[in-house]
Amino acid sequence: MPGLTAIRRMFCVSALTFTFWNAGLAQQAASPQTEPPGALPAAPQAATPPRPHLEHYTPQDYSKAAKPFPSLLAPYKARHVPEPNLTNTARLEQLLRDGKIYLSMDDAVALALENNLDLVLARYNLNIADTDLLRARAGSNILGVNTGVVQNTPGGGVGGLSGTVGSGSGGTSVAAGGAGSGTSGLVSSTLGIGAPIPSFDPVLTGTLQMDRAYNLSSSALSGRAVTNNNTGTADVSYQQAFHTGTNFSVGFNNTHVTTNNPLSALSPTINSGFQLRVTQELLQGFGVLPNTRFIRIAKNNREISDVAFRLQVITTIDQIENLYWNLVYAFENVRVQQEALTFAQKTLSDNEKAVQFGTLPPIQVVSARSVVASNQQALTVAQTNLQLQELLMKNALSRNLEDPNLAGAEVIPTSTIQLPAHEAIIPTQDLINDALQHRAELAESRIDLTNRDINIKTVRNAMLPSLGLYGYYGGSGLGGSLSPNATFCPSSSGICINQNRIPSQFLNGSVGYGGTLSQLIDSTAVDKGVGVTLNIPLLNRTAQANQIRAELEFRQAQVRLQQLQNQVRIEVRNAQFDVQQNRASVDAAQAAVTLARQTLDAEQKKLEAGVSNPTAVLQMQSSLTSTESTLVSAMAAYEKARVELDRATGLLLENSGIVVEDAQRGEVTHMPKVPFVAPSSNVPVQSPNPGTNQQQ
C-alpha cells in the first residue's frame with residue numbers, strides 16, 4: 001500500500017520524540033536549565049554568491065526539483081539563477097581590425113546567434129516553461145508559456161505570420177491557458193478547468209505544544225478551588241495524493257497531562273491515537289487523465305516553447321540578413337555616389353581649364369559646379385545612411401556598445417550577392433508542402449489543439465457528481481499512573497473515586513508510553529470504518545457552460561489552424577512571386593547599367609571629337625550613377641526576397657546551415673553557410689579570422 005514505509009518511519013520518529021519528552025516532563029524541573037555558552041555552533045553566515053562570468057549561456061533543467069538527499073534542506077533553499085551575461089562574445093572582437101569590422105554574412109549570422117538580445121530574451125522562455133512543468137508535477141496549476149516573437153532589433157522588419165510581436169519582455173503574448181483583454185476586461189480560457197487536483201507532493205504536518213493552565217472553580221465537585229493542568233501535545237500527520245485520484249493520509253496524536261485535581265484518577269495521563277485514511281474518487285476526478293492534465297499540458301507547452309524559440313531564431317536571422325543587405329546597399333551606394341562625384345569634379349576641373357583657354361563658354365563651368373554640388377549632396381546622404389546602417393548592424397550583433405572601439409568602428413561588408421545563372425523552377429505546390437510541414441506557427445497551433453483535446457475530456461469529467469469512497473483504520477491507547485492526589489473509596493471524604501471503574505492495568509502499576517503504543521495495534525480500542533461522500537449539483541450550470549465553451553474553443557482553434565494554413569499558402573506564393581519579380585528587376589537594371597556605360601563612352605568619344613559638350617557627358621554620367629544605384633537596390637531586394645521565401649517555407653535555418661542547439665546555448669559550434677553569397681570584389685582581402693569556427 002502506498003505510504004506504508006513512510007508510516008513506519010513516522011511512527012518510530014514520533015514515538016522516540018514523545019518518549020524523551022515524556023521523561024523530561026516527569027522530572028518536574030522547577031526552572032529551565034540554561035545551556036552553557038558555546039553549546040550551539042554559530043549559525044553560518046550566508047555567503048554572497050560570486051557573480052558568474054559565463055562566456056556563453058549554460059542550459060539548466062528547471063523542470064526537476066532539488067532532491068532532499070543527501071541534503072535534507074535542499075528543497076527549501078532558493079536556487080540561484082545566474083545574472084544575464086551582457087558582455088560580447090570573443091568572435092566580435094576577433095573581427096575588429098584597424099578600427100574596422102570586416103563582416104561577412106556568415107559572421108553576421110553567427111554573431112546574432114551569440115549576441116542578439118532578442119535571442120537572449122527568448123532563451124529565458126525555455127526555462128520558464130520548465131518551471132511550469134515542475135509546478136504541474138507537484139499538482140499545482142500552470143501559469144502558461146511565452147510564445148510571442150521578440151522584435152526589438154531596430155531596422156530589421158519581418159513580414160508574414162512571424163511579425164506577431166509579443167506584448168512584453170520575452171515575448172509575453174497570451175499562451176495556452178493564458179488570459180487576455182476582452183470587450184469587458186479580463187477574458188480567460190477553459191484550458192485547465194476540471195476536477196480539483198490535490199498536492200502530489202507529500203505534506204508532513206506536526207504540532208508540538210506545552211500548556212500550563214490554572215482553573216478557578218465555583219463548583220464543590222471540582223475537588224479544588226484552583227486546579228493545575230499541565231498538558232503536552234505532540235501530533236504529526238502525513239498526506240499525499242496520487243495520479244489515480246487516490247488520497248492517502250495518516251495522523252498520529254499524543255497528549256501528556258498532569259493535574260492536581262483529586263477527582264482525576266490518573267496523573268500523568270498519556271493518550272495516543274492514530275488513523276489511516278484512504279479516499280478514492282469514483283466519478284469526478286477519477287483516473288489518470290483529469291489528475292495529470294496540467295502535467296500533460298505543461299509538457300506540450302514545453303514543446304511549444306521549443307517551437308517558439310525556433311520561430312524566434314528564424315525571425316531574428318531574417319532580420320539580420322535584411323540588415324546585412326541594407327548595409328551592403330548603403331556601402332555600394334556610397335561607392336557609386338563617390339565615383340559620380342569624382343567624375344563630376346574632374347569634369348569641372350577640365351571645364352575651368354577650357355574656359356581659361358577660351359574653348360568653352362563660362363556657362364559650362366556653372367553647369368558643372370551645379371552637378372558637383374548635387375553629387376556632393378547625394379554622397380552626404382549616402383554616407384549618413386551608411387553610418388546609420390552600421391550602427392543598426394552593430395546593435396543587432398552585440399549585447400552592448402560600451403566599448404568605444406566597437407562603437408566607433410566602421411562595418412565593412414565582405415559579402416555580396418551571388419546571382420544564380422538560372423532560377424531554379426520549383427513547383428509552387430512543393431513549396432507549400434514544405435511550408436505546411438516546417439512552419440513553426442502551424443506546429444504551435446497543432447500542439448495547442450492537442451492541449452484543447454485533453455481539456456475537453458477533463459471538462460467532461462468535471463460535469464459528473466463527486467463521489468468519494470473512503471476507508472479508515474485507527475486505534476487509541478491510554479497510559480499513565482494513578483494520581484497521588486486522587487481520593488479513592490472507601491474514604492472519609494464526601495467525594496471519592498471507585499477503583500472498580502478504573503482499568504485493571506492501572507491497579508498493578510503505571511502504564512508506560514510503550515504500553516500505550518501497543519494498545520494502538522492490539523485491538524484494545526479500534527476505530528475503523530468505510531463510507532462514501534456524494535455531492536450532486538442539481539442544475540450543474542457552471543459545468544455545462546464550461547463544457548460547451550471548451551468545445552467551442554476547440555472548434556475555434558481548428559478554424560484558426562485552417563486560417564493559418566491558408567495564410568501560409570498565400571505567403572509562399574507571394575514570396576515566390578517576389579523572387580521572380582525582383583530577379584526580373586535585377587536583369588533589367590543590369591541591362592540599363594550596360595546601356596548607360598556604353599552611352600557614356602559614346603558621348604565621351606563625341607566630346608573628344610568636338611561634336612558634343614561636357615554638359616551632355618555629365619548628364620550621361622548622372623544617368624549611369626542612377627542606374628548603378630538602382631542595380632544595387634534591385635540586387636538587395638532580390639536577396640531579401642530569397643530570404644523571405646526561405647522564411648515562408650520554414651526552411652531558413654536548414655538552408656543557412658544553422659543549428660538551433662547553437663542558438664539555445666548562445667555558442668556557435670557549426671559555422672552558418674548562407675546560400676547565394678560570395679566574397680565582395682570591392683573590399684580588400686583580409687586574412688582569415690582565427691577565432692571563427694569553420695566546422696560544418
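Note: the structure precedes this text.
Residues numbered from 1 in each chain as written. Predicted model: local features only at pLDDT ≥ 70, side-chain atom pairs only at ≥ 80, totals over all residues. Heavy atoms only, no water.

Focus: the overall build of the protein chain
When helices and strands are counted, the protein chain shows 15 helices and 13 strands. For the protein chain, with 696 residues in total, the buried portion stands at 44%. The contacts in the protein chain between residues at least 6 apart in sequence include a share of 79% that link residues at least 24 apart. (Helix = DSSP H or I, 4+ residues; strand = E, 2+ residues; numbered from the N terminus. Buried < 20%, exposed > 50% of the residue type's maximum accessible area, 1.4 Å probe, protein only. Contact = heavy atoms within 4.5 Å.)

Quick notes on the nonpolar core
In summary, soluble globular proteins display a tendency toward joint burial of nonpolar side chains. Counting residues in each nonpolar core, the largest one holds 90 residues, and the members touching the most others are Leu103, Leu113, Val313, Ile317 and Trp325. No other element matches helix α6 (residues 293–356), which puts 17 residues into this core. Those residues in contact with Leu113 that sit more than four places away from it in its chain are Leu119, Arg123, Val313, Ile317, Ile658, Ala663, Gly666, Val668 and Pro672. (Core = buried A, V, L, I, M, F, W, Y, C linked by side-chain atoms within 4.5 Å.)

Digging into the pattern of salt bridges
Summed over all chains, the structure comprises 24 salt bridges. Between Glu114 and Arg91 there is a salt bridge, with the nearest N and O atoms lying 3.1 Å from each other. Note that Glu114 is positioned in helix α3 (residues 105–115) and Arg91 in helix α2 (residues 90–94), a separation of 23 residues in sequence. When the shortest N-O distance is used, the salt bridge between Glu654 and Arg310 registers 2.6 Å. You can see Glu654 sitting in helix α14 (residues 652–655) and its partner Arg310 sitting in helix α6, a full 344 residues away along the chain. (Salt bridge = Lys/Arg side-chain N within 4 Å of Asp/Glu carboxyl O.)

Quick word on the sheet that holds strand β9 (residues 410–413)
Taking strand neighbours across the sheet as the criterion, the 3 strands line up as β1-β2-β9 in an open arrangement whose pairing is mixed. The two strands at the open ends of the sheet, each matched to only one other strand, are β1 (96–97) and β9. In the sheet, β1 pairs with strand β2 (residues 100–103) via 2 bridges, with the strands oriented antiparallel. When the bridges of β2 are listed, Leu96 appears paired with Ile101. On top of the sheet, α6 reaches β2 and β9; it is set at about 95° to β9, its chief contact. The strands touched by helix α7 (residues 363–396) are β2 and β9; relative to β9, the strand with the most contacts, the crossing angle is about 90°. (Pairing = 2+ DSSP bridges. Axes fitted to C-alpha atoms, helices over the stretch in contact; angles between N-to-C directions.)

Topic: the sheet that holds strand β8 (residues 266–281)
Across a sheet, paired strands are connected by hydrogen bonds in the backbone, their directions being either parallel or antiparallel. Taken together, 6 strands build an open sheet; the order of strands is β5-β6-β7-β8-β11-β12 and the sheet is antiparallel. Only two strands of the sheet have a single neighbouring strand rather than two, namely β5 (203–216) and β12 (526–535). Here the average twist between neighbouring strands, direction ignored, is 15°. Contacts from helix α11 (residues 513–521) reach β7 (246–259), β8 and β11 (466–482) within the one sheet, and its direction differs from that of β11 by about 150°.

With respect to the packing of aromatic side chains
If you walk through the whole model with that rule in mind, you get 4 aromatic pairs. Between Tyr238 and Phe248, the aromatic rings sit 6.2 Å apart at their centres with planes inclined by 65°, giving edge-to-face as the arrangement. Here Phe248 lies in strand β7 and Tyr238 lies in strand β6 (residues 226–241), a separation of 10 residues in the sequence. For the pair shown, Tyr238 and Phe248 are each scored as buried. With a centroid separation of 6.2 Å and an interplanar angle of 55°, the aromatic rings of Phe274 and Tyr473 are classed as tilted. Here the residue Phe274 occupies a position in strand β8, and Tyr473 occupies one in strand β11, the gap between them amounting to 199 residues. Relative accessible area serves as the criterion here: at 12%, Phe274 is assigned to the buried category. Overall, Tyr473 belongs to the partly exposed group, its relative accessible area being 33%. (Phe/Tyr/Trp six-rings, centres within 6.5 Å; stacked < 30°, edge-to-face > 60°.)

Quick look at unusual backbone geometry
In this structure, the amide linkage connecting Phe69 to the following residue, Pro70, adopts the cis form with an omega of 5°. The topology assignment puts Pro70 in the loop between α1 (4–26) and α2. For Asp98, which is not glycine, the phi torsion reads 55° and is therefore positive. Within the fold, Asp98 resides in the loop between β1 and β2.

Describing the packing of helix α9 (residues 428–438) against helix α13 (residues 614–649)
When two helices pack together, their arrangement is given by the angle between the helix axes and by the axis-to-axis distance. The contact between α9 and α13 brings their axes to 7 Å, and the two run at 55°. Looking at the two axes, α9 sits oblique to α13. Taken together, the residues of α13 that come into contact with α9 (itself represented by Leu431, Asp434, Ala435 and His438) are Leu645, Ala648 and Thr649. Among the residues forming the contact of α9 with α13, the class breakdown is 4 nonpolar, 2 polar and 1 charged. (Parallel < 35°, antiparallel > 145°, perpendicular 65-115°, else oblique. Nonpolar A, V, L, I, M, F, W, Y, C, P; charged D, E, K, R; others polar.)

Observations regarding the packing of α6 against helix α10 (residues 440–461)
The geometry of α6 relative to α10 is characterised by a closest axis approach of 9 Å and an angle of 170° between their N-to-C directions. Taken together, the axis directions place α6 and α10 in an arrangement best described as roughly antiparallel. In this structure, α6 contributes Arg293, Arg296, Ile297, Asn300, Asn301, Glu303, Ile304, Val307, Ala308 and Leu311 to the contact, and α10 contributes Ala440, Glu441, Ala443, Glu444, Ile447, Asp448, Thr450, Asn451, Ile454 and Thr458. Class assignment of the residues belonging to the contact of α6 with α10 gives a composition of 9 nonpolar, 5 polar and 6 charged.

A closer look at α10
Given 3.6 residues per helical turn, the α-helix brings residues three or four places apart onto the same face. Taking 1.5 Å of rise per residue, the 22 residues of α10 would be expected to cover 32 Å, and the 32 Å separating its terminal C-alpha atoms lies within 8% of that figure. Across the 22 residues that make up α10, a large majority, 16, are buried. (Expected span 1.5 Å × (residues − 1).)

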